[in-house]
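Close look at the chain arrangement
Below are the chains, spelled out letter by letter.
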Amino acid sequence: MLPVYQEVKPNPLQGANLCSRVFFWWLNPLFKIGHKRRLEEDDMYSVLPEDRSQHLGEELQGFWDKEVLRAENDAQKPSLTRAIIKCYWKSYLVLGIFTLIEESAKVIQPIFLGKIINYFENYDPMDSVALNTAYAYATVLTVCTLILAILHHLYFYHVQCAGMRLRIAMCHMIYRKALRLSNMAMGKTTTGQIVNLLSNDVNKFDQVTVFLHFLWAGPLQAIAVTALLWMEIGISCLAGMAVLIILLPLQSCFGKLFSSLRSKTATFTDARIRTMNEVITGIRIIKMYAWEKSFSDLVTNLRKKEISKILRSSYLRGMNLASFFSASKIIVFVTFTTYVLLGNVITASRVFVAVTLYGAVRLTVTLFFPAAIEKVSEAIISIRRIQNFLLLDEILQRNRQPPSDGKKMVHVQDFTAFWDKDLQLLEDGDLTVIGDRGTTLSGGQKARVNLARAVYQDADIYLLDDPLSAVDAEVSRHLFELCICQTLHEKITILVTHQLQYLKAASQILILKDGKMVQKGTYTEFLKSGIDFGSLLKKDNEESEQLPVPGTPTLRNRTFSESSVWSQQSSRPSLKDGAVETQDTENVPVTLSDENRSEGKVGFQAYKNYFRAGAHWIVIIFLILLNTAAQVAYVLQDWWLSYWANQQSTLNVTVNGGGNVTKKLDLNWYLGIYSGLTVATVLFGIARSLLVFYVLVNSSQTLHNKMFESILKAPVLFFDRNPIGRILNRFSKDIGHLDDLLPLTVLDFIQTLLQVVGVVSVAVAVIPWIAIPLVPLGIVFIFLRRYFLETSRDVKRLESTTRSPVFSHLSSSLQGLWTIRAYKAEGRCQELFDAHQDLHSEAWFLFLTTSRWFAVRLDAICAMFVIVVAFGSLILAKTLDAGQVGLALSYALTLMGMFQWCVRQSAEVENMMISVERVIEYTDLEKEAPWEYQKRPPPTWPHEGVIIFDNVNFMYSLDGPLVLKHLTALIKSREKVGIVGRTGAGKSSLISALFRLSEPEGKIWIDKILTTEIGLHDLRKKMSIIPQEPVLFTGTMRKNLDPFNEHTDEELWNALQEVQLKETIEDLPGKMDTELAESGSNFSVGQRQLVCLARAILRKNQILIIDEATANVDPRTDELIQKKIREKFAHCTVLTIAHRLNTIIDSDRIMVLDSGRLKEYDEPYVLLQNKESLFYKMVQQLGKAEAAALTETAKQVYFKRNYPHIGHTDHMVTNTSNGQPSTLTIFETAL
């Protein structure tokens, strides 16, 4: 368990004064640190008490519980939305006042702008009163600007905090619910879906709170602006407003389409991430089966569907942005065309007051209002998804007594004995970090950690679900005697087991079959009634000769009575014999590296790769030209208006001298040019939006495919070193950014950047003197941005690295749900989840506040710019005409929000480019050897199946320890070889070496071909494996058996028939095409094991490898597997890794491995003759009777093989092999 973070830095916001809060001065120390060095987690301020995950979650949970109760009473469906509103409405309402003040200021600004331009229109150098009033107006204008600058950011900060609180509370509730899901509910949802709720859906809350207030502020502001415009230009303003109002439904129509596409995309994304999850979890099996291509096709298809939807929604977004970009142009165009055609005369003050007013309302009405609608509709979809999840069935919570503390722990000292040896093998003892879901431990070690965990709980009742099957015989006996019988002797213990030799120690025995109780009684009762345990577990309809007549004790009965379960010789000394070289374990020394946070700036290289992935250079150059053209048209349109107004006013002036007649200008010429420019602006705007999206979504697709390909070709070690969550994060969050947010942000950035350049160039063109104050402002700005990004980049990276543990914790909790429940550890897990969330909140809080700190300072720079332009133009009044001033000033005012938005977007683009970097980092991982070489083995290879190990050394990583040392062995054609050894002796590593999961040193030949000289697929496809943990993948049964459609239906059914799964599959609704639940969880372990066997039967390979396939299977399935293996693979070379000696006692030869070395290799009987051999000791440890029976079998097999003429007592042989006392009760044992 991670420590809960105590000594954190107290949050300086708590003690900050008003001034400091407004300007975010309290953050200065953090920026200083960020400037000096890279920020670490310890530098983050602790979460404010009111933002703690637990506090927020429980608060909202309370409202939700009330809501559920209310709904039950009124017989309605509970509404999550209602609970949320009840919880948060008060604090959120206050923020509405901010919105009101801010939007009013935006409406007042243009009025004063008009007054200033008026002064220029009626310019009279002599009139000092007019000049002073003009100065007063300019002052009011700048004050308005400053108020806007400050208020805006305070407001944004608070609404984003509100969003954060809602999100955290939701996550808390989702996790709490996930821990309580009932079995039924687990079937209705999947890990991928829950992770998606936690990664995508809750993020909508962060966005929705920002825009929510504009739902009422938008319409209000529109009304106010219409009134002002009416006073200014009369009825023509309605034409402009009409355009605005027509644009709204268009946009909301886009929004509707967009969200419907969004939900379709979400289902594809869910499916893709779920598949990825399975691929990464089952990567070992996929590699051993050489199934990468099949999964690659699967993911590629899902991704194709997803991308086509994403492209569509991106085009919609592009249209939306383009319409936003050109909306103001169209509105102004329509307004003034109407105005002029109605016979009015254009004046600069009217033009620019209108332009600025429209500018103010356009932002709210075409950006914030539709955004509010879109975000609210998205949030509603998300709330619905979360609500459905929260309404799933829960397991019943029993009220439990609080556990009494202070009770003495069980005597753990005699218990740890068996684990000591392993702890010595692990490098850091009990502080060794084990990988995600224990990847670094062998099966047996996992089983023992599990048992140890149970014993530490000190409960009154123990339910042990076959903990003994995954370990070898000796450890199994040790566990049974010292742990189950001694340590737990005062406790009620229910042991599920297939190992009949332990029954004698039981006080009560229950035999189950097909979910019903067959018999119940004590051991002696069973003996008296002469019941044969084995037969009860076997099929009922087997030949009656096997059922012993009561009274004639068969070999098996005798075993039960005599096998010395309680033989007092403790097996500790023998443990020590086994451990000669302690340091070398089979376990991969996997140090889970911390996730890389790349430091410093995002290189130019990343941008180059990103754009190049999307399109050819020529397209990209064309894109740049298109963007420039769009911006030029944009500025020219406004400039033309001001030019027109100036021409008009000069006319007015000249005519004034000779009798007051207003001359009309040539309308057609001016209007014609004006219309042309407007159309050009709109077309260029749309074209560039669509092209940008096309290029960037394309590049996302390319990079995803490259990354996926590189993941499939990465060696297994990569997956041991990186937890699933980290790899999945690349495919979910980072690819999500590339699909969705990055193209949008890039386009937005390009648009705003060009506009800022346009504004500044216009201002400089009008008043060249402005260039002088621009230089220091520019320098300050560049310094500020660099200073800010040093810290911001770290904060953003901390945010993404602190987010990973939240997901990892969620997915490991879901995978270990039963364990968590059995240990009643829900509370602990919830606390841990809250701690992870709080850590993420610390980073998120900094992310919000630092960006506001920066924005306030940027807007201050803009305010300076506005002041310089306003007062500068008044000082230089002589040289300027009204149109120019209007253009420069109205542009300068638009700079306010836009400039800081532009810079924020540039930082955003850089931050999101980190996702691109992370993806690119995974596009060139180290690769395994190629799947196919030029040199392909002949199609019939290997028809003999001879395997030669020639001085093989093997390690999992270049710097890791050797796990196989100088192994030399010859396995003849069709030979059946058993591989035995203690846990961690190198048995599984032998297989890894054979399959080249990591490249072995030395030579391994199969049928005269060096395995290292052919492609991996050519090698792996020719060996069948039945793995230790049977893996099924989501998809149909057919896909699971035959992903490449290489076999006919008949062959598939035959294979299923062979493994007795035919009826089971035929009962499914879609037979072989039924979709399995996530990773085949609707089949039992035994059935999944049988599917693995069916795969091996289908492959018809000459070499079969069995990795303790029978560890968790009941004797009947086990017997079936053993029998099938003997029948079907009689002509194959079979290697079996066994923990139970009886499965391999009749092998042709046995390999005994110890600490990575081959100690003994000979026929079982020969090895048993040598009293010093390790194999002999292993057999003796099973107890006298057991050992005798095994030796007998070995002897018979030996004589039958080497001196067949002696073996006339045929039936006797079968009888012994059937009636053989067995460690794990396997009846038909031979291999």
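This write-up is about the structure you can find in this document. Being a predicted model, the structure only gives us computed values, none of them experimental. (Residues numbered from 1 in each chain as written. Predicted model: local features only at pLDDT ≥ 70, side-chain atom pairs only at ≥ 80, totals over all residues. Heavy atoms only, no water.)

A short note on the overall build of the protein
Note the cut-off: In this description a helix means any DSSP run of H or I spanning at least four residues, a strand means any run of E spanning at least two, and both kinds are numbered starting from the N terminus. A 1.4 Å probe rolled over the protein chains alone gives each residue an accessible area, and that area as a share of the maximum for its type sets the label: buried under 20%, exposed over 50%, partly exposed in between. The contact rule is simple, with two residues in contact once any of their heavy atoms fall within 4.5 Å. Where accessible areas are quoted, they stem from the Shrake-Rupley method and a 1.4 Å probe; at the residue level, only the protein chains shown are allowed to cover.
A count of helical and extended segments in the protein gives 41 helices and 14 strands. Scored against the burial criterion, the 1231 residues of the protein give a buried share of 57%. For the protein, the proportion of contacts with a sequence separation of at least 24, taken over those separated by at least 6, is 83%. Summed over all atoms, the accessible surface of the protein reaches about 52200 Å², with 60% contributed by carbon and sulfur.

Regarding the pattern of salt bridges
Counted only if it meets this: A pairing counts as a salt bridge when a side-chain nitrogen of Lys or Arg comes within 4 Å of a carboxyl oxygen of Asp or Glu.
Scanning the entire structure with this criterion turns up 34 salt bridges. Among the ionic pairs, R284 bridges to D720, the shortest N-O distance being 3.4 Å. With a gap of 436 residues between them, R284 in helix α11 (residues 283–289) and D720 in helix α24 (residues 716–721) connect regions that are remote in the sequence. Judged by relative accessible area, D720 falls into the buried class, the value being 6%. Overlapping salt bridges bring together R272, R303, E306 and D739 as one network.

Quick look at the sheet that holds strand β9 (residues 1009–1010)
We count it as follows: Being paired, for any two strands, means DSSP has found at least two bridges between them. For helices, the axis comes from a line fit to the C-alpha atoms of the stretch in contact; other axes are also lines fit to C-alpha atoms, and the angle between any two N-to-C directions lies between 0 and 180 degrees.
Taken together, four strands build an open sheet; the order of strands is β6-β5-β8-β9 and the sheet is antiparallel. At either end of the open sheet lies a strand with only one pairing partner, and these are β6 (964–971) and β9. Packed onto the sheet, helix α30 (residues 987–995) meets β5 (947–954), β6 and β8 (1001–1006) and runs at close to 110 degrees relative to β5.

What to know about the sheet that holds strand β12 (residues 1133–1137)
Judged by pairing direction, the sheet is mixed, and its six strands sit side by side in the order β10-β11-β12-β7-β13-β14 without closing on themselves. In this open sheet, the two edge strands, each paired with only one partner strand, are β10 (1023–1026) and β14 (1157–1162). Between one strand axis and the next, the sheet turns by 20 degrees as a mean value, whatever way the strands run. Examined bridge by bridge, strand β7 (residues 976–980) and strand β13 (residues 1149–1154) share four bridges and lie parallel to one another. In the sheet register, V980 faces β13, and the bridge partner there is V1152. Helix-sheet contacts for helix α35 (residues 1085–1099) involve β10 and β11 (1103–1107), and the interaxial angle to β10 is about 170 degrees.

Description of the packing of aromatic side chains
Applied cut-off: Ring pairs shown here join Phe, Tyr and Trp side chains whose ring centres sit within 6.5 Å, with only the six-membered ring taken for Trp; geometry is labelled stacked below 30 degrees between planes, edge-to-face above 60, and tilted in between. Cation placement over rings: the criterion is NZ of Lys or CZ of Arg within 6 Å of the ring centroid and within 35° of the ring normal.
This structure, assessed with the given rule, holds 41 aromatic pairs. Pairing F1199 with Y1203 gives two aromatic rings, centres 5.7 Å apart and planes at 40 degrees, and the pair type is tilted. On the accessibility criterion, F1199 (28% relative accessible area) is partly exposed. Given the relative accessible area of 35%, Y1203 is considered partly exposed. Through pairs of rings, three or more aromatic residues link up here, namely F333, W639, W640, Y643, W644, W669, Y670 and Y674. Directly above the aromatic system of Y634 lies the positively charged group of K329, at a separation of 4.0 Å from the ring centroid. Sitting over the ring of F847, K796 keeps its end group 4.4 Å from the ring centre.

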